[in-house]
Amino acid sequence: MIKLLPDVDTGIDDALALIFLSEAHKQGQLEILGCTAVGGNVEVEQTVRNTIKIWEMTGVDIPVASGAERPLLYPLNTSPFVHGDDGLGNTFLPPPKISPSDVTATDMIMRLSHQFPGKLTLLTTAPLTNLAVALLQDPSLAGRICEAVCMGGGVFTGNVSAVAEANIANDPEAARIVFRSGIDITMIGLDVTHQVFWEENDLKALVGIGNERADFLLQIIRYISGAYEKLSGWRRCVLHDPLAAAVCLYPDLVKTEKCHVDVELSGELTRGMTVVDRRGRTPLGEENIKVALEVDAERFKIMLMDSLLGWAQGG
Ligand code: BDR
Ligand code: CA
């Protein structure tokens, strides 16, 4: 069974991913061994609180370790406009009862990698600072990780700039360390995540439930849909992080191509861009990353909605 360690910056789409994962965990499809959080969509105190709160709401007992407050070199850019001041669509949930783990995110990654060498799957849905710090501390960590599924980057598009995606752009130095580490990485970038979204029409089954859990889901989904509408003129909830979570369980949801990928650190217009070499020869370096280029969007959307409905109906 997959032994999973998610690294998150919860965040609305992170929250949907966590609920999906908790349902899979309860059904014995995977085992979530712990969870680390990092500053990203909101400050780290809040991403930790949100992460613990979501696990609490889903009834799974997963220790959450607090990680980096800010990127390796530069200040953090949070996204309250997209995720709300509380990171969860201004739902302002009561604080969780459980406290964060007393180990740091780096320690949690390290300890689990020693406890389960070659067996640990990392899922990152956030800036890669925590993993980069762990790799800087001990580069041999890479050899103990089975694989990492990373939501971030893009081949043909960006979101925070024309060419850069938020998780990578928030800490490009960290992303470069991780991408160059030798870990077997699947990059779930905007090329595939922009193909998986819900519009209001897709939410009918949730609307029909009419309980507290369904209302919470609708509130956060509608909040982020409103933000996307203001930004792009298209009202929809893009399911970035849930897709990466689902790929951990069902890798055949996406088609990948192994490419040389590196992260631009210094371009005046391109900092944070994932530079993907698809020329079929590799003058830039070895093919190091499996880049997702196609996704079975319908299968994924049904799978995710079924999972969320399952959780909501149990409330
Ligand atoms: C990524 O950035 C964050 O805002 C989301 O949670 C997701 O992980 C999408 O670019
Ligand atoms: Ca995220």
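Reading guide: rules and limits
- Residues numbered from 1 in each chain as written.
- Chains lettered and ligands numbered in written order.
- Predicted model: local features only at pLDDT ≥ 70, side-chain atom pairs only at ≥ 80, totals over all residues.
- Heavy atoms only, no water.
- Helix = DSSP H or I, 4+ residues; strand = E, 2+ residues; numbered from the N terminus.
- Rg over C-alpha atoms; globule rule 2.2 N^0.38 Å.
- Buried < 20%, exposed > 50% of the residue type's maximum accessible area, 1.4 Å probe, protein only.
- Contact = heavy atoms within 4.5 Å.
- Areas by Shrake-Rupley, 256 points an atom, 1.4 Å probe, with all protein chains shown as cover.
- Phe/Tyr/Trp six-rings, centres within 6.5 Å; stacked < 30°, edge-to-face > 60°.
- Lys NZ or Arg CZ within 6 Å of the ring centre and 35° of its normal.
- Pairing = 2+ DSSP bridges.
- Donors = N, O, S within 2.8 Å, 3.2 Å for Na, K, Ca; no water.
- Near = heavy atom within 4 Å.
- Polar contact = N/O pair within 3.5 Å; in protein donor to acceptor, adjacent residues only side chain to side chain.
- 1 Å grid on protein atoms, 1.4 Å probe; cavity = no way out; pocket = protein on both sides within 12 Å on 5 of 7 lines; lining within 4 Å.
- Sits in = over half its atoms within 2 Å of the grid points.

Novice: An account of the overall build of the protein chain is needed here, citing residue identities and associated values.
Specialist: Along the backbone of the protein chain there are 12 helices and 12 strands. Relative to the compact-globule value of 20 Å for 315 residues, the protein chain shows a C-alpha radius of gyration of 18 Å, a close match. Scored against the burial criterion, the 315 residues of the protein chain give a buried share of 58%. In the protein chain, the proportion of contacts linking residues at least 24 apart, taken out of those at least 6 apart, comes to 81%. Surface summary for the protein chain: the accessible area is close to 12,800 Å², and the carbon and sulfur share equals 50%.

Novice: Explain the packing of aromatic side chains to me, using residue names and the numbers behind them.
Specialist: Here the structure, examined in full by the defined rule, presents one aromatic pair. Residues F197 and W234 carry aromatic rings whose centres are separated by 5.0 Å and whose planes lie at 70 degrees to one another, so their mutual orientation is edge-to-face. Of the two residues, F197 is situated in strand β8 (residues 197-198) and W234 in the loop between α10 (212-232) and β9 (237-238); the sequence distance between them amounts to 37 residues. The exposure class assigned to F197 is buried, which follows from its relative accessible area of 15%. The ring of F197 has R236 lying over it, and the distance from NZ or CZ to the ring centre is 5.9 Å. The ring of F197 is capped by K301, whose NZ or CZ atom sits 5.3 Å from the centre of that ring.

Novice: Break down the pairing of strand β12 (residues 289-295) for me, citing the residues and quoting the values.
Specialist: Examined bridge by bridge, strand β7 (residues 185-188) and β12 share three bridges and lie parallel to one another. The partner of T186 across the bridge, within β12, is K290. Note: strand β10 (residues 254-263) against β12, six bridges, orientation antiparallel. Paired with K255 across the strands is E294, a residue of β12.

Novice: Run through the coordination of the calcium ion (ligand 2), naming residues and quoting values.
Specialist: Within the first shell, the calcium ion (ligand 2) binds the protein through D9 (OD), D14 (OD), D14 (OD), T125 (O) and D241 (OD), at distances of 2.2 to 2.6 Å. Classification of D9 as buried rests on a relative accessible area of 1%.

Novice: Go over the site of ligand 1 with me, naming the residues and quoting the values.
Specialist: Every residue near ligand 1 is listed here: D13, D14, N41, H83, T125, M151, N159, E165, A166, N167, H240 and D241. Taking D13, its side chain carries an N or O atom lying 2.5 Å from an oxygen atom of ligand 1. In isolation ligand 1 exposes 280 Å². Once the protein is present, 94% of that is buried. The cavity where ligand 1 resides is the largest pocket. Listing elements by their share of the shell around ligand 1, those giving two or more residues are α1 (12-26), α6 (166-170) and α11 (240-249).

Novice: Tell me about α11, residues and numbers included.
Specialist: Across the 10 residues that make up α11, a large majority, 10, are buried. Those residues of α11 not exposed but buried are H240, D241, P242, L243, A244, A245, A246, V247, C248 and L249.

Novice: Account for the side chain of D277, naming residues and giving values.
Specialist: Here D277 shows up in strand β11 (residues 274-277). A relative accessible area of 8% means that D277 is categorised as buried. Reaching out from D277, the side chain makes a polar contact with the side chain of R279 at a distance of 2.7 Å.

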